[in-house]
Amino acid sequence: MDLRIFTEPQQGATYDTLLAVAKATEDLGFDAFFRSDHYLRMGSSDGLPGPTDAWITLAGLARETQRIRLGTLMTAGTFRLPGVLAIQVAQVDQMSGGRIELGLGAGWFEEEHRAYGIPFPKEKFARLEEQLEIVTGLWQTEPGKTFDFHGTHYDLTGSPALPKPAQKKIPVLIGGHGAVRTPRLAARYADEFNIPFASVEDSARQFGRVRAAAEAAGRTGELMYSNALVVCVGRDDREVARRAAAIGREADELKLNGLAGSPAEVVDKIGRYAEIGSRRVYLQILDLDDLDHLELISSQVQSQLS
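Presented here is an overview of the structure given in this document. (Residues numbered from 1 in each chain as written. Predicted model: local features only at pLDDT ≥ 70, side-chain atom pairs only at ≥ 80, totals over all residues. Heavy atoms only, no water.)

1. Concerning the packing of helix H3 (residues 82-96) against helix H5 (residues 125-140)
The geometry of a pair of packed helices is captured by two quantities: the angle between their axes and the separation between those axes.
Thought 1: The geometry of H3 relative to H5 is characterised by a closest axis approach of 9 Å and an angle of 45 degrees between their N-to-C directions. Classified by the angle their axes make, H3 and H5 are oblique. For the crossing formed where H3 meets H5, the hand is right-handed. Seen from H3, the contacting residues are Pro-82, Gly-83, Leu-85, Ala-86, Val-89 and Ala-90; seen from H5, they are Gln-131, Ile-134, Val-135, Leu-138 and Trp-139.
Thought 2: Looking at the contact of H3 with H5 residue by residue, the classes come out as nine nonpolar, two polar and no charged. (Axes fitted to C-alpha atoms, helices over the stretch in contact; angles between N-to-C directions. Helix = DSSP H or I, 4+ residues; strand = E, 2+ residues; numbered from the N terminus. Parallel < 35°, antiparallel > 145°, perpendicular 65-115°, else oblique. Left-handed = near helix turned anticlockwise from the far one by under 90°. Contact = heavy atoms within 4.5 Å. Nonpolar A, V, L, I, M, F, W, Y, C, P; charged D, E, K, R; others polar.)

2. Looking at the packing of helix H2 (residues 54-64) against H3
Thought 1: Packing of H2 against H3 leaves a shortest axis separation of 8 Å and a crossing angle of 15 degrees. Of the possible angle classes, the one that applies to H2 and H3 is roughly parallel. Pair H2 / H3 crosses with left-handed handedness. Contacts from Trp-55, Leu-58, Ala-59, Ala-62 and Arg-63 of H2 reach H3 at Leu-85, Val-89, Val-92, Met-95 and Ser-96.
Thought 2: The residue makeup of the contact of H2 with H3, split by class, is eight nonpolar, one polar and one charged.

3. Thoughts on unusual backbone geometry
Thought 1: The peptide bond linking Leu-48 to Pro-49 adopts the cis configuration, its omega dihedral lying at 10 degrees.
Thought 2: Looking at the element boundaries, Pro-49 is found in the loop between strand S2 (32-35) and H2.
Thought 3: Positive phi outside glycine occurs at Ala-161, with the angle close to 55 degrees.
Thought 4: Summarising the element assignment, Ala-161 is placed in the loop between strand S7 (155-159) and strand S8 (172-175).
Thought 5: Ala-161 sits in the buried class, given a relative accessible area of 4%. (Buried < 20%, exposed > 50% of the residue type's maximum accessible area, 1.4 Å probe, protein only.)

4. Looking at the packing of aromatic side chains
Thought 1: Scanning all chains against the criterion turns up six aromatic pairs.
Thought 2: Among the aromatic residues, ring-to-ring pairing joins Tyr-39, Phe-79 and Tyr-116 into one connected group.
Thought 3: We note Arg-181 situated over the ring of Phe-125; from NZ or CZ to the ring centre the distance is 4.3 Å.
Thought 4: Positioned above the aromatic ring of Tyr-225, the side-chain terminus of Arg-211 is 4.6 Å from the ring centre. (Phe/Tyr/Trp six-rings, centres within 6.5 Å; stacked < 30°, edge-to-face > 60°. Lys NZ or Arg CZ within 6 Å of the ring centre and 35° of its normal.)

In structure tokens form, the structure reads like this:
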């Protein structure tokens, strides 16, 4: 079971804060550092000092880390034109020496689009499908050849399809709860399918849909299945409660809906996800100043899983 650190910087974080978390992620033996792609805080947080851009952040971290994988859960398809996104991701992959992964979703948070003047189209899923075909098609085009695409939402003619990533294939993550279109899209384009903030039972149901879609599509390569879950670990109940309060949550609620409690409790619950085929968990860290939390997870949770 891989454990990855997943951050939500729109709730309030500087680049220096994210760098400190990424360096701790690397030093403590976690597999990867991922971040959300949002420009507006959610809930009661004041969001100060303001948002940071996902791909600018990852470009910086690409030069300041050596081992960990870096990526997004999920880049919003509404934020960037697909040709531009393909260039950005390929460049950051070069900057990292081939450690980038792209999570790409349709985009859903209408309020942040209004706040920053970003168009919020009514039909987003069809756009996402075209975006995936364009981004992956640009990367896969042989050097010296050009790429053309003529769709409903995007039109590319004679693209040199450059630059190329450092990796032969950048892993693509697709995720969500949709029962029909999401599994079909994952079966066609994804290297990894991720379901965010779902119970063991709901995860098993969705993984089954994706497996069925992959089989129906005649796919031969196996997908990686993963979960994203909020984490709150403490050495005792008092420490769990303190960490829960720091992120505005209740310990009992977190135990029900996330990974919370003692290291043994969290290891046990991760094991339940492993039983249904999950092979990777993105640990949503909401208090980015609590690096002791990462150390505890590394020494007493990750050590038992590896």
